[in-house]
Amino acid sequence: MKRIAYLLLLSLLVVGCSSEPKVKYVFYFIGDGMGVNEVIGTNLYNQANGQENVNFTGFPVVNFITTVSANSLVTDSSAAGTALATGVKINNSVVGVDPDGNPTPNLTEWAHAAGFGTGVATSVGVNHATPASFVAHTTSRNGYEEISLQMIDSPVDFMAGSTFLTNRGSGHDAAYFEHKADSAGIAVYKGPGAIANIDLNAPRVLCLSAKAEDSLPYAIDRKEDDTQLADFTDAGIRYLESRYGKKGFFFMIEGGKIDYAGHGNDAATCFLEVNDMAQSVDLALTFLARYPKETLIVITADHETGGLMLGSGRYEMHPERLAKQHACVDELTNLFRAQFFPTDKPFRTPSWDAVKGFFNEQLGLWGEVEVNQRTEGELKEIYDRTFGKGGDRNLTEENLYSSNFRIVADVVRALDRAAGYQWSFGSHSGSPVGLYVTGACAEEFNTVKDNTEIAPLIAKLAGYTK
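Residues numbered from 1 in each chain as written. Predicted model: local features only at pLDDT ≥ 70, side-chain atom pairs only at ≥ 80, totals over all residues. Heavy atoms only, no water.

S.K.: How would you sum up the sheet that holds strand E3 (residues 117–122)? Please name residues and give values.
M.R.: Strands sit in the order E2-E15-E8-E1-E7-E3-E4-E6-E5 across an open sheet of nine strands; the sheet is mixed. Every interior strand has two partners, whereas the edge strands, strand E2 (61–65) and strand E5 (186–190), have only one. For this sheet, the mean inter-axis angle between neighbouring strands, taken without regard to orientation, is 15°. Note: E5 against strand E6 (residues 204–208), five bridges, orientation parallel. Among the inter-strand pairings, Ala187 is bridged to a residue of E6, identified as Val205. (Pairing = 2+ DSSP bridges. Helix = DSSP H or I, 4+ residues; strand = E, 2+ residues; numbered from the N terminus. Axes fitted to C-alpha atoms, helices over the stretch in contact; angles between N-to-C directions.)

Written out as structure tokens, the structure is:
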């Protein structure tokens, strides 16, 4: 109730705009893969488990936008990220370069040119597709080295992400680019302790995970000493306000692992990632409460991932059943491997009852969550293909970001169906995504219909353009 009351107060603070720019502080959140059903599904999950609705679903402006790229009705993150950053449609897999080969100026470049502070933060690699779209210009989103060097050479004041992603076989690791950043005069901080104590007077700042992971751990798997997106967001706000409080700043924050969970068809993990990004939104809302007439918060997604459906064939849903899951599908694969494929003793074929017992303990299936006869038959078939005579003990399922035991992935989807959620596939869809806006000039976004309309409008409202 406290958050609902807070959001109602914020809705009363929405400030209209005249011809003169009123926005000094812009927060631009992008939930990668966060379709409308991911957001609604998270609310259903929260309600069933005694939690508040996602904060931004109570914003005064809630709209929907299309996401097509220049060469496809289904976009990828680099094309959509560039559209959100520049207002220009480009081809899939390209970053900041239009179909004619011209660099597309973006919001951080516009803001910097106008004297504003700039920041880019993400829960995945700092040079991944979405943050790259706000800094770099290259014909391939996979050109991690080129993107890294462009980010280091850019004027962006604050950057944060898990690590520098690197190209396989390039000969350069993440430490190489950290050293390049340090040599360029960028203050580098790694891990939550260091990030909490950044030098607010440093010319530029780069925040990373202390563990050099390709992405931050999922919220569902997080340990006490893990870096999280809120650490980056808090540091970015403190740094940008300290250096640019009088002029203003632009700060893009990406919840990047919502997309990863969608590719993995893992509903509980996905919903907790939406909630995790919402914690960073809370920090922006606290800032908005301090500067209600000058702060704009815009939240959207680059695309939807997984084709999530609310309903699995029956006219009922049981989101509370997902609360039995306490690890993502990737970690469940690790636990499954450790239990049934130990490295310190000879392999012994586990019984079907032993495998069911594992999933009962980890997910509540065959216990508090019933498994119908048809589903059990399908899962038993995968068990036989894995452990039966002539079976494939490495029977796995690949998605864009991980490889998991097929039986583990199928059982997680079975839990999702039992809770009333169903995935269509493991890739992006062409569904519209949500647009959620509050603060100064929020009403200007009521008429926005496509992802290319957001960046030019932000630039206009904040006075980045002449």
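The structure having been displayed, the exposition proceeds.
S.K.: Quick one: what's the story with the side chain of Asp266, residue by residue and with numbers?
M.R.: By secondary structure assignment, the location of Asp266 is in the loop between helix H10 (257–263) and helix H11 (267–290). In this view, Asp266 contacts Ala261, Gln325, Cys328, Val329, Val412, Asp416 and Trp423; residues no more than four positions away in its chain are not counted. (Contact = heavy atoms within 4.5 Å.)

S.K.: For helix H6 (residues 144–153), give the residues involved together with the corresponding values.
M.R.: All buried positions along H6 are accounted for by Tyr144, Glu145, Ile147, Ser148, Met151 and Ile152. Buried residues along H6 cover an arc of 165° about the axis, so they all sit on one side. (Buried < 20%, exposed > 50% of the residue type's maximum accessible area, 1.4 Å probe, protein only. Arc of directions from axis to C-beta.)

S.K.: Tell me about the pairing of E6, residues and numbers included.
M.R.: Within E6, five of the five residues are buried, which leaves the element mostly enclosed by the surrounding structure. Both faces of E6 are covered, namely the face carrying Arg204, Leu206 and Leu208 and the face carrying Val205 and Cys207. By the bridge criterion, three bridges tie strand E4 (residues 158–160) to E6 in an arrangement that is parallel. In the strand pairing of E6, Phe158 is matched with Val205.

S.K.: Account for the pattern of salt bridges, with residues named and values stated.
M.R.: Side chains that carry opposite charge are capable of pairing whenever their charged atoms lie near each other. Considering all chains together, one arrives at 17 salt bridges under this definition. Residue Asp276 is joined to Arg222 by a salt bridge in which the shortest nitrogen-to-oxygen separation is 2.7 Å. One end of the pair, Asp276, is in helix H11; the other, Arg222, is in the loop between E6 and helix H9 (229–244), with 54 residues separating them in the sequence. Relative accessible area serves as the criterion here: at 5%, Asp276 is assigned to the buried category. Glu241 is paired through a salt bridge with Arg290; the nearest N and O atoms lie 2.4 Å apart. Residue Glu241 is found in helix H9, and its partner Arg290 is found in helix H11; the two are separated by 49 residues along the sequence. Here Arg290 falls in the partly exposed class, since its relative accessible area comes to 44%. Connected through salt bridges with shared partners, the residues Glu397, Arg406, Asp410 and Arg413 form a single ionic network. (Salt bridge = Lys/Arg side-chain N within 4 Å of Asp/Glu carboxyl O.)

S.K.: Break down the state of the cysteines for me, with residues and values.
M.R.: Put plainly, two cysteines are in a disulfide when a covalent bond ties their sulfur atoms together. Across all of its chains, the model carries zero disulfides by this definition. Considering cysteine sulfurs only, Cys328 is the nearest to Cys270, which forms no disulfide, with 12 Å between them. What makes Cys270 buried here is its relative accessible area of 1%. In this structure Cys328 comes out as buried when scored by relative accessible area, which is 3%. (Disulfide = S-S within 2.5 Å.)

S.K.: Can you tell me about the nonpolar core, naming the residues and giving the values?
M.R.: Judged by nonpolar contacts, the single largest core of 137 residues is most densely connected at Tyr28, Phe56, Phe336, Ile407 and Phe445. Examining the composition of this core, we find that 13 residues originate from one element, H11, more than from any other. If near-sequence neighbours (up to four positions away) are discounted, Phe336 is found in contact with Phe341, Val355, Phe358, Phe359, Phe387, Phe405, Ile407 and Val408. (Core = buried A, V, L, I, M, F, W, Y, C linked by side-chain atoms within 4.5 Å.)

S.K.: Requested: an account of the pairing of E2, with residues and values cited.
M.R.: The side-chain alternation of E2 yields one buried face, formed by Val61, Asn63 and Ile65, and one unburied face, formed by Val62 and Phe64. Across five bridges, the pairing between E2 and strand E15 (residues 433–439) is antiparallel. Directly across from Val61, in E15, lies its bridge partner Val437.

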